[in-house]
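One-letter residues, chain by chain:
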There are 4 protein chains.
Amino acid sequence: MIKAGIIGSTGYAGQELVRLLLQHREAEIVWYGSKSYVGKQYSEVFSNMFELVDQKCMEDDMDALADAVDVIFTATPQGLCASIVNDEVLGKTKIIDLSADFRIKDVSVYEAWYGIRHAGPQYIQEAVYGLCELNRESIKGARIIANPGCYPTCSILSIYPLAKAGLIDMGTLIIDAKSGTSGAGRSAKLGNLYCEVNENIKAYGVTTHRHTPEIEEQLSYAAGEPVCLNFTPHLVPMNRGILVTAYASLRRPVSYEEVKKLYDDCYGKEYFVRVLPQNVCPETRWVEGSNFVDVGFQIDERTNRVIMMGAMDNLVKGAAGQAVQNMNLLFGLPEKTGLELVPMFP
Amino acid sequence: MIKAGIIGSTGYAGQELVRLLLQHREAEIVWYGSKSYVGKQYSEVFSNMFELVDQKCMEDDMDALADAVDVIFTATPQGLCASIVNDEVLGKTKIIDLSADFRIKDVSVYEAWYGIRHAGPQYIQEAVYGLCELNRESIKGARIIANPGCYPTCSILSIYPLAKAGLIDMGTLIIDAKSGTSGAGRSAKLGNLYCEVNENIKAYGVTTHRHTPEIEEQLSYAAGEPVCLNFTPHLVPMNRGILVTAYASLRRPVSYEEVKKLYDDCYGKEYFVRVLPQNVCPETRWVEGSNFVDVGFQIDERTNRVIMMGAMDNLVKGAAGQAVQNMNLLFGLPEKTGLELVPMFP
Amino acid sequence: MIKAGIIGSTGYAGQELVRLLLQHREAEIVWYGSKSYVGKQYSEVFSNMFELVDQKCMEDDMDALADAVDVIFTATPQGLCASIVNDEVLGKTKIIDLSADFRIKDVSVYEAWYGIRHAGPQYIQEAVYGLCELNRESIKGARIIANPGCYPTCSILSIYPLAKAGLIDMGTLIIDAKSGTSGAGRSAKLGNLYCEVNENIKAYGVTTHRHTPEIEEQLSYAAGEPVCLNFTPHLVPMNRGILVTAYASLRRPVSYEEVKKLYDDCYGKEYFVRVLPQNVCPETRWVEGSNFVDVGFQIDERTNRVIMMGAMDNLVKGAAGQAVQNMNLLFGLPEKTGLELVPMFP
Amino acid sequence: MIKAGIIGSTGYAGQELVRLLLQHREAEIVWYGSKSYVGKQYSEVFSNMFELVDQKCMEDDMDALADAVDVIFTATPQGLCASIVNDEVLGKTKIIDLSADFRIKDVSVYEAWYGIRHAGPQYIQEAVYGLCELNRESIKGARIIANPGCYPTCSILSIYPLAKAGLIDMGTLIIDAKSGTSGAGRSAKLGNLYCEVNENIKAYGVTTHRHTPEIEEQLSYAAGEPVCLNFTPHLVPMNRGILVTAYASLRRPVSYEEVKKLYDDCYGKEYFVRVLPQNVCPETRWVEGSNFVDVGFQIDERTNRVIMMGAMDNLVKGAAGQAVQNMNLLFGLPEKTGLELVPMFP
């Protein structure tokens, strides 16, 4: 039985991790860390856990945690994990960091986009980018997993096969993404109030969203060339779900079958990536509550472009589910353990 | 491994049954019945099932099903199950009927409220009302389970302890209930369109809703006297969830502790009924996707009334989850098998 | 042209008042008061007002306002208006207070339910309860209008005709109310976040909501006897709208026609109260954005009760619209001026 | 007083036209046409109109209407208007067609994208594309107005200034659009049910949506060159609103000020187009219920692209409001008459 600790268990991603680990037969949570609710019953913070979780919230104390657990999940704001991780901790336990601290290899890029100094740059190189479908083998031996961002997970998996195959002109790539509101976190901000979000759609972080360099870096590995793209997120009045609509010019005319084969070759054996049939577009409702990413595409002969689409639950495959998938890989468990969740509809 | 067949698997309740049974380690679905989609891939009707269900929709043919399965779930409109069940079927298989056909013992009451003639009245007496917490032992040996209605499940469980204890004046009982829209079914009706339901709340079926006599009958067993009450359902702009707010005059002054003890005595050992702490009101968000019913109450000394409240997922404990719970009882499995679902929030 | 000032113009009710007054041909807003946004462009706080309002937010300074305007609207938390009103202000201007400060005639009841000491009890008696349909004549000559609460407006208008006629047993009266989320205000609280409210319904303030004594007082005037009732509000995932479902025992058997006539006699000449046809239930969507209250009822012969229902936009008839209606009365304008708004659907 | 008739008054756009015309002091509706509800009280179809509209639904009979009214609005599916318009009708009355029949000048393009034969091609050339801000003068003298589509209105107005100025490479133009659900109409289809739309976002009509050639044609006039672009609409769980996010490569480096001036030069005098301040993104909530289009842009130096954005209420500026604006122009009224609606928030 894997002993797990969560730093930041009282945010939406942290709570989703609790939901998944409670249903995971090989793991148990022994530490519910929190910044704001120390000493309070966890089930008072999240009443869905009433009679399911008996523990109280504890300090976000990584050193103490390292002695108590086999794996630490950090579901915290940027900068925290990098500032508290150290050699002693890494000697005792694994770290799966759900923040952005170890996702970007070039520390100057991280510091420019995030606007903070990186407090643990010495660990950046060894950290493995935990997109399981792409980095499965490296993940298994890592000490630090940089759990991918929600938008990057969905964007990269939607585009990867065509970037890898050199079929699209990476200079023309545009990603228009839409997310449910749980992605904005559980802090009490005016902009996240029900009446501000409901009956509204807006773009935000236009040209400046921090997930941009993460997507660029990973797609540049796939394409074998530097990638510079537009990424525009939008806030949608729903709880969960991310939809990515990506546009790129084709380098040459292609048939549906050829493109389909590229996706199938990449994902045919991947349980969590579902390549949809022809003319079926991904929708967030079909993956809600599950670790699936549904991907599809449409070729436009008129404009010589391909539209690549992906849908995913931002809290599962985009955060907690992928973190558990990484944990399974780290501890030699079947990758699907605890993650065979049928999407819940409606 | 229990072989299960579903008549009416392409409605919301039927599909939820599929979701639950796919995650149930002792059951497998061998028949996906449907009226409207015969011959179509089930996963084309519900794309969340893509790559999870490989079967096609089949006829709603109970006789053929009886040869193929150990248990038949009927998730169909009123009247169908009663019209197709017969001795031969019952000799071969168990029936869990999610419709109202066998819930009401007095056939004239059924016919008056439902406005149709009952086609199988000879099976009414033997059918067991499948509210597991109340009728556990009788369920185990039944051939036909009348799976309770969504509103009745939540209403009865919220009120039962005080009705049973004789603490409330049953003549003063008023139930004001609120339901998410999945309860209205998946048929393409104007009133169920997004723009008609969204940003709206309304009462419907005022004084005439068909769940009224079902609630009255069950509570009359608990109270040991005939019960005649007001039940008013409301349609709420959300997918899932039922909330019951019930009002009754107290027969004598009572303390919080006394009432709490009555609830605890009834439900202390029940996994699926959670009695909330003092001053905590049930909310549908805390039970979504799970088989839990959360109950609570508030005493009003000013008016000498008690307000009894319950929250539940109408598709799980109010339909498919309770059906699986009944199946577990019928087949001697631990009652929680396949139902230890942590509520999904947000 | 009436010069109007608003104290608390940056809450949801205050902003709705701005929307209505901008479309009112006999009024102009000369003071946009705010506690949190002093010095900021009003249209930066509410971008719907971009290019429509050019002013900046100013202090909530009632004394300065009194010199500048003909009428002051206070759309502020309880206690503020009572603490800043004074004889000099009342000598210069009219006050329409959207808070509860002057709604309840018995100061001890106010202090008990609101938990604060009343800072201006000497003005309570002269203040007129601004439910225009009931107190039209007294409103015209008042200096202070106590603009009714949202729940009370809808509850009282739904029940008034039968209370007045002595047709219902007031001791059996139960009000189950449902409100959209704008009623909770625009402060950044965890409980009002999108993901906390969406896909959820809950009761709150059970037995303790502050609108209870306000409803009781007004209905006691109608019934000519003290009234003690249960009022239970619920939070609904929608922006606007209040629905009231009220239950009472009939004092004697009545026909539909008799009850209908009572409603028609009360409201036949009232533009803003629409008595719905038989078997039509009020729905919040049909009044959204307008100053209408739709009322209806259903008699239940089985239980000898009548169910009285009302629907209203909480920000219009429940707050800003009624305030404008009061202003029209105060200044001798036709009561509908600026309020002939067709409900917006969907 | 302009006498107006509506063919198709019982859809969402038709009903919105009723809402606007009821509040228009120079127009009255004398004919409520409907296909499905002939003989029924209009206020029974839309209860918001209770006590406001006393008429019954009448046949969609254009010839009879032509004798009775000064202007006919057709808010009907594609093909109908073209099949019933004729010289006699046009000799007696004006037509404002909210369908696509007369929007596209090249009949073969219309027939290819809409998949039907055009039944009145002889009127295509004289029909004026009713985007008031661009074609104001030609509208005034027209007999047939082709009221623009919802997506085209928002797309064209967002992009027009830069297309006109030759600042963007039209071959790189990509429009990613998002719409509320009222755009899908009021027909009872499975895909429009509450539980299918709620908590979901999806793209639809990818590469094939019929508004594509309409946008291309109008932008080609602006740019002075043929335009071929990608237009991808998405369905958002909200009632009203369209958001457009458009991407194009810049032909040369530009400053914020230069681009801002182009927008201001185009729209500085336009009441209904609001050019937002720097770094403010359009949001649909700020225009709901009004005839405004809010536009903004962001320059991305990294990718040498400009992101152009627009937000609008699809039922007002995207349908009924623009139709009234056209009516005002046709009849020599101030363009804003009946349209000075303050956006309703929340």
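Numbering of residues starts from 1 in each chain and follows the order in which that chain's sequence is written. As they are written, the chains are lettered A onward and the ligands numbered 1 onward, keeping that order. This being a predicted model, a pLDDT of at least 70 is required before a residue's local features are given, and a value of 80 or more before pairs of side-chain atoms are given or counted; all residues contribute to the totals for chains, interfaces and linings. The basis for the side-chain values is all heavy atoms of the structure; hydrogens and waters are excluded.

As for the overall build of chain A
Item 1. A tally of helices and strands in chain A yields 12 helices and 13 strands.
Item 2. The globule rule used here is 2.2 Å times the number of residues to the 0.38 power, and the radius of gyration it is set against is calculated over C-alpha atoms. Against the compact-globule benchmark of 20 Å for 346 residues, chain A has a radius of gyration of 20 Å, which places it among compact chains.
Item 3. Structurally, chain A occupies a C-alpha span of about 60 × 45 × 40 Å along its principal axes.
Item 4. Any residue under 20% of the maximum accessible area for its type is buried, any over 50% is exposed, and the rest in between are partly exposed; the area is computed with a 1.4 Å probe on protein chains only. Taken over 346 residues, chain A has a buried fraction of 66%.
Item 5. A separation threshold of at least 6 residues defines the contact pool for chain A, and within that pool the share at least 24 residues apart is 70%.
Item 6. Surface exposure here means Shrake-Rupley accessible area, sampled with a 1.4 Å probe, where a residue is shielded only by the protein chains that are shown. Total accessible area computed for chain A in this model is approximately 10700 Å², and 48% of it derives from carbon and sulfur atoms. Secondary structure elements follow DSSP: runs of H or I of four or more residues count as helices, runs of E of two or more count as strands, with numbering from the N terminus. The criterion used for residue contact is that any of the two residues' heavy atoms lie within 4.5 Å.

Digging into unusual backbone geometry
Item 1. Along the chain, F345 of chain A connects to P346 of chain A via a cis peptide bond; the corresponding omega equals -5°.
Item 2. Its identity is not glycine, yet N304 of chain A carries a phi of approximately 60°, on the positive side.
Item 3. Along the chain, N304 of chain A turns up in the loop between β12 (293–300) and β13 (305–312).
Item 4. The phi dihedral of T207 of chain C falls on the positive side, at around 70°, and the residue is not glycine.
Item 5. If you trace the backbone, T207 of chain C turns up in the loop between β8 (202–203) and α10 (211–223).

Some remarks on the pairing of strand β4 (residues 94–97) of chain B
All names here are of chain B.
Item 1. A pair of strands is labelled paired if DSSP reports no fewer than 2 bridges between them. In this sheet, β4 lies alongside strand β3 (residues 71–74) in parallel orientation, the contact comprising 4 bridges. Its bridge partner lying in β4, V71 is registered against K94.
Item 2. Where β4 lies against strand β6 (residues 144–146), 3 bridges are found, and the strand directions are parallel. From the neighbouring strand, I95 faces β6, where its bridge partner is I144.

So, the relation of the copies chain A and chain D
Item 1. Fitting of the copies onto one another was done by least squares over C-alpha atoms, counting residues only where both copies have pLDDT of at least 70. Mapping chain A onto chain D is achieved by rotating through 180° and translating by 0.0 Å along the same axis, at an RMSD of 0.0 Å. A rotation of that kind, with that shift, is consistent with a two-fold axis. When each C-alpha of chain A is compared by its distance to the rotation axis, P237 of chain A comes out closest, at 3.3 Å.

Observations regarding the state of the cysteines
Item 1. Two cysteine sulfur atoms make up a disulfide if the distance between them is within 2.5 Å. If you walk through the whole model with that rule in mind, you get 0 disulfides over all chains.
Item 2. In this structure C132 of chain A is a free cysteine whose sulfur lies 15 Å from that of C154 of chain A, the closest cysteine sulfur available.

Considerations on the relation of the copies chain B and chain C
Two copies of one chain are present, and they are related through a rotation about an axis combined with an axial shift.
Item 1. Overlaying chain B on chain C yields an RMSD of 0.0 Å, the required transformation being a rotation through 180° with an accompanying axial translation of 0.0 Å.
Item 2. Comparing interface residues between copies, 100% of those in chain B also lie at the interface in chain C; the contact surface is shared.

Examining the interface of chain A and chain D
Item 1. The partner chain D presents 48 residues to the 48 residues of chain A that form the contact.
Item 2. In terms of surface lost to chain D, no three residues of chain A exceed E199, I201 and R302 of chain A, which account for 17% of the buried area on that side.
Item 3. By salt bridge we mean one thing: a side-chain nitrogen of Lys or Arg within 4 Å of a carboxyl oxygen of Asp or Glu. Counting across the interface, chain A meets chain D through 6 salt bridges.
Item 4. Among the salt bridges present, the one from K178 of chain D reaches D176 of chain A, with a minimum N-O distance of 3.1 Å.
Item 5. The term polar contact refers here to a pair of N or O atoms within 3.5 Å; inside protein, the definition further demands a hydrogen-donor-capable atom paired with an acceptor-capable atom, and it admits residues adjacent in sequence only when both atoms are side-chain atoms. The tally of links from chain A across to chain D stands at 32 residue pairs in polar contact (both at pLDDT 80 or more).
Item 6. Breaking the side of chain A that touches chain D down by element, the ones donating at least two residues are β7 (174–179), α9 (194–197), β8 (202–203), α10 (211–223), β9 (230–235), β10 (242–249), β12 and β13 of chain A.
Item 7. In terms of residue count, the dominant contributor to the side of chain A that touches chain D is β7 of chain A (4 residues).
Item 8. Residues are sorted three ways: Asp, Glu, Lys and Arg are charged, Ala, Val, Leu, Ile, Met, Phe, Trp, Tyr, Cys and Pro are nonpolar, and all the rest, Gly among them, are polar. Its residues assigned to classes, the side of chain A that touches chain D comprises 22 nonpolar, 13 polar and 13 charged. Joining two parts hides part of their accessible area as seen by a 1.4 Å probe, and the buried area is that hidden amount summed over both.

Section: the interface of chain B and chain C
Item 1. Listed per partner, the contact involves 48 residues of chain B and 48 residues of chain C.
Item 2. Both faces combined, the contact of chain B with chain C buries some 4000 Å², and carbon together with sulfur accounts for 54% of it.
Item 3. Together, E199, I201 and R302 of chain B form the three largest contributors to the area buried by chain B at its contact with chain C, with a combined 17%.
Item 4. Here chain B and chain C share 6 salt bridges between them.
Item 5. R302 of chain B is paired through a salt bridge with E216 of chain C; the nearest N and O atoms lie 2.5 Å apart.
Item 6. Summed over the shared surface of chain B and chain C, the number is 32 residue pairs in polar contact (both at pLDDT 80 or more).

Re the confidence of the model for chain A
Item 1. For every residue, the predictor assigns a confidence score, pLDDT, that lies between 0 and 100. Of all residues in chain A, 100% have pLDDT values of 70 or greater, and the mean over the chain is 98.
Item 2. Two numbers describe this predicted complex: its pTM, 0.98, and its ipTM, 0.98.

Examining the sheet that holds β8 of chain A
Residues and elements named next belong to chain A.
Item 1. Strands sit in the order β8-β9-β7-β10-β13-β12-β11 across an open sheet of 7 strands; the sheet is mixed. Where the open sheet ends on each side, the last strands, each with one partner, are β8 and β11 (273–275).
Item 2. Note: β7 against β9, 6 bridges, orientation parallel. When the sheet's bridge partners are listed, I174 is paired in β9 with N230.

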